[in-house]
Amino acid sequence: MDPSLSPTSIHYAIKKETWRRTVVLSFQTLGILYGRLSTAPLYAFGSINPSDIKSGQQIYELFSFVFWTLTIIPLLKYAFIVLKVDDNGEGGTFALYSLLCRHANVGLLPSDISTTELMHQEEGTPSKMKVESRARRAIGRYKSSHYLMLFLALLGSCMIICDGIFTPALSVLSATSDLRRSLSKLAARFTSSEKARHSVDKYLKRYIPVPAACAILVCLFMLQRYGTNRIGVIFAPIVIIWLMFISGFGMYNIFHHPQILWAISPAYMFRFIKKIDISSWKLLSSIGLCIAGSEAMFADLGHFSKRSIKVTFVFLVYPALVLCYAGQAAFFSKHLGTSDDVAHLSESITHRHLQHIFTILSLFASLVGSQATITATFSIINQCQALACFPRVKVIHTSEKVHGQVYVPDANWLIMVLSLTILIGFRDISAIANATGLAVICGMLVTTCLMSLIIALQWEKTAVFLSLSFLLFFGSIEALYLSSCFLNFSKGTWCIVILSLIFLTIMVSWHYGTIKKYEFDIENKVTVDWLTELSPGLGVSRVPGIGFIHTNIVTGIPAFFSHFITNIPAFHEVLILVSFKSLPVPYIPKNERYLIGRIGHKDYKIFRCIVRYGYRDHVRNINDFEDQIISSIGEFIAREERHHEALFLQEGTMIILGSRMTDGNVLVPVVVGGEQSESGQDVADIENPTTTTTTTTTKRKKVRFMLPANSPKMNPSVRKELQQLVDARESGTAYFLGHSHLKVRKGSNFVKQFLVKVYAFLDKNCREPPIALDIPHAALLEVGMVYTI
């Protein structure tokens, strides 16, 4: 294809980000991205049982872990290293895997070379890796490494999804527990009897934290449909006030107990490790929660810009959190043993009236804290679906300016139900915190492993040294916290393991089924010669009309259509093979939307069309699509005659064309109102080739095409072919879609049978392919096929 006609020519120019834009996005990051990290103080120390703390000095040692963990993981690793790598503006574990698939040849989905050539759009991008890298060749050589990388990507994605389930429950339950304590203190002021106080406190423990948390969670998930942009604007002021509040009281406690500043020294960490035992080792799982939400800095990259994420964290979030944790640790160490709730952040707010303000503020902040993981979950599901690792779900793009801002309704309600189930089932902050800690640390460890591979592929001379240094330094810290999480396996961590196994099974099964279907399509596609030369021996006839064949492959005739011809020996006099390809831009102009090419000799009247669309384009209006593609093919026929030598080549040579319905130079559109009656075959099942004919009458605008009355420059052969196209359109159109059924061969092992059965169940119960949703029922022909694998 001519480079000048490459899809890169239609990309919108990306303007350099202005500081005004950075400030706006930074403001939104506080309401979406940093809500989770900012509200971690609600449960980091709060999930520790004060009876497990041996002395105030041990709290100093734990704060040293908090300070250096915050400094090394979110600040150094994410803000200054990981954010340098992105996949077309997207972040997360699957973005890293996507880069490896395209640039290191480790993808397990079979590659259609022609698709790569036609739709390639990353040439010259900064993320392009060295073609001759030794690391690249070493990784690509071993198939086992490909499976390992896919497993890591799926595991990291599962952990982000599980985090999106557990974090809302943990954040909101921590806030409602503070509400319960605040109400207990209020009740104690009006009750003199100790027995009455105990009775009221027992009643509040039973009926306030969990029911209130459930109600708040339902409201939170109902807000998701308004999109990241609107939610960020609403939530950002809450986080700003929250950070100012907790950092202010942090400074207050530091002023009264300045000795806590000595704990910044890493010597306190070494002192803790030197005398560590099983009980103290378990405490690190709670401390690891101080960085909960750091992964969202990378996973939510598609929603914001790198500069806005970095600026907000370095100049606001990081210093505020350090002050908060320092003040809380100082108060905790000086008041250890005074009450069972001394570890909670609310207790470090010494002023009585401000404690109640803190309670209300923490309720709103917990909503914001949950939002970051929910947003990250939407992003990771969208990425998984794009790489055929997640069942079909509806994805709604909520912003025209930022590609990655998405809302997934199906996932939203599923996460809500699971989060409510976890909340009602556990009813305990410590158990939910243990499970959340495992999800957080596992997700970070996966990112570390994949990032080390990216480093090895990008920098040739120092690749091994830099990659190993990155892996050992950050991986050892995360492995330390991971080991402490597994020590609490029986206290909540087991649940995250079960949930992740369920999601991992779903993703692996869907990916496996997609691979097998795609391999079948590639291996069993037929050439146009079979259709045009061998088919007469089958008694195949051409019937009036236009047939649109929807297929994922962009060379050859798809297998399902060859099966259709074998069982029903007839097809339309004009065939158009249509493939839909998404580009990472908001809109594609209509005059640049279609790639048109011819299959075989012009007498066959078989065309191929690749429809390119942006993430904000609506391409499911079938009537409009049909009119535009026919007009584009008419333009192709006319241009083909003028550029015969350039266009009439082997299959795969295509040019960019668009609707020229306003020109009237090739095909003149005439709008006709009224009713249109459509008749067609509804379903054709290859295994049982019976058809059902239905007739429906719908009112819609119809566009008819005519040749221009006076066009002396038009070649007679071109006019003849255009007239045949117009006549075929007048005879009617039909849409062919393949409907596959996977079947396992007899004697297959249990794992293969299980994966195929899970895929078949998911395929049957998930959403239909988007293109099938708006096709008129009478014009749709679904060709059923059994894929025996």
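Residues numbered from 1 in each chain as written. Predicted model: local features only at pLDDT ≥ 70, side-chain atom pairs only at ≥ 80, totals over all residues. Heavy atoms only, no water.

1. What to know about empty space enclosed by the protein
Then, in step 1: By the definition in use, this model includes seven cavities of 30 Å³ or more.
Then, in step 2: Considered as a void within the structure, the largest cavity measures approximately 110 Å³ in volume.
Then, in step 3: As for the largest cavity, its lining consists of 14 residues, and the residues nearest its centre are Arg36, Ile160, Asp163, Glu295 and Ala296.
Then, in step 4: Class assignment for the residues of the lining of the largest cavity results in eight nonpolar, three polar and three charged. (1 Å grid on protein atoms, 1.4 Å probe; cavity = no way out; pocket = protein on both sides within 12 Å on 5 of 7 lines; lining within 4 Å. Points joined across faces, edges and corners; volume = space filled by probe spheres on them. Nonpolar A, V, L, I, M, F, W, Y, C, P; charged D, E, K, R; others polar.)

2. Remarks on the packing of aromatic side chains
Then, in step 1: Here the structure, examined in full by the defined rule, presents 23 aromatic pairs.
Then, in step 2: These aromatic residues form a ring-pair network of at least three members: Trp242, Phe245, Phe249, Tyr252 and Phe358.
Then, in step 3: The ring of Tyr268 has Arg271 sitting right over it, with the charged end atom 4.6 Å from the ring centre. (Phe/Tyr/Trp six-rings, centres within 6.5 Å; stacked < 30°, edge-to-face > 60°. Lys NZ or Arg CZ within 6 Å of the ring centre and 35° of its normal.)

3. Side note on helix H7 (residues 143–189)
Then, in step 1: In a regular helix each residue adds 1.5 Å, so 47 residues correspond to 69 Å; H7 covers 69 Å between its end C-alpha atoms and thus fits that length.
Then, in step 2: Residue Phe166 marks the point of greatest curvature in H7, where the axis turns by about 30°; the proline Pro168 follows within four residues.
Then, in step 3: Taken across its 47 residues, H7 has 35 buried, putting it largely inside the fold. (Helix = DSSP H or I, 4+ residues; strand = E, 2+ residues; numbered from the N terminus. Expected span 1.5 Å × (residues − 1). Bend = angle between axes of the 7 residues up to and from the residue. Buried < 20%, exposed > 50% of the residue type's maximum accessible area, 1.4 Å probe, protein only.)

4. Describing the confidence of the model for the chain
Then, in step 1: With 79% of its residues at a pLDDT of at least 70, the chain reaches an overall mean of 78.
Then, in step 2: Scored below 50 in pLDDT, residues 1–15 shows 28 contacts in the model against residues more than four places distant or in partner chains.
Then, in step 3: Low pLDDT, under 50, characterises residues 111–131; the predicted model gives this stretch 50 contacts beyond four residues in sequence or across chains. (pLDDT = per-residue confidence, 0-100. Contact = heavy atoms within 4.5 Å.)

5. Examining a nonpolar patch on the surface
Then, in step 1: A cluster of nonpolar residues, Phe486, Phe489, Trp494, Ile498 and Ile502, forms a patch on the protein surface that exposes about 470 Å² of accessible area.
Then, in step 2: Here the nonpolar patch gets three residues from one element, more than from any other, and that element is helix H19 (residues 493–524).
Then, in step 3: By the secondary structure assignment, Phe489 is in the loop between helix H18 (463–486) and H19. (Patch = residues over 30% accessible without salt bridge, like charges linked within 9 Å, V, L, I, M, F, W, Y side chains within 5 Å. Areas by Shrake-Rupley, 256 points an atom, 1.4 Å probe, with all protein chains shown as cover. Salt bridge = Lys/Arg side-chain N within 4 Å of Asp/Glu carboxyl O.)

6. Description of the packing of helix H9 (residues 209–223) against helix H16 (residues 409–426)
Then, in step 1: Contact geometry of H9 with H16 gives a least axis separation of 10 Å together with a crossing angle of 170°. Accordingly, the angle class assigned to the pair H9 and H16 is roughly antiparallel. Along the contact surface, H9 presents Val210, Ala213, Cys214, Leu217, Val218, Phe221 and Met222, while H16 presents Asn412, Trp413, Ile415, Met416, Ser419, Leu420, Leu423 and Ile424.
Then, in step 2: Within the contact of H9 with H16, the residues separate by chemical class into 13 nonpolar, two polar and no charged. (Axes fitted to C-alpha atoms, helices over the stretch in contact; angles between N-to-C directions. Parallel < 35°, antiparallel > 145°, perpendicular 65-115°, else oblique.)

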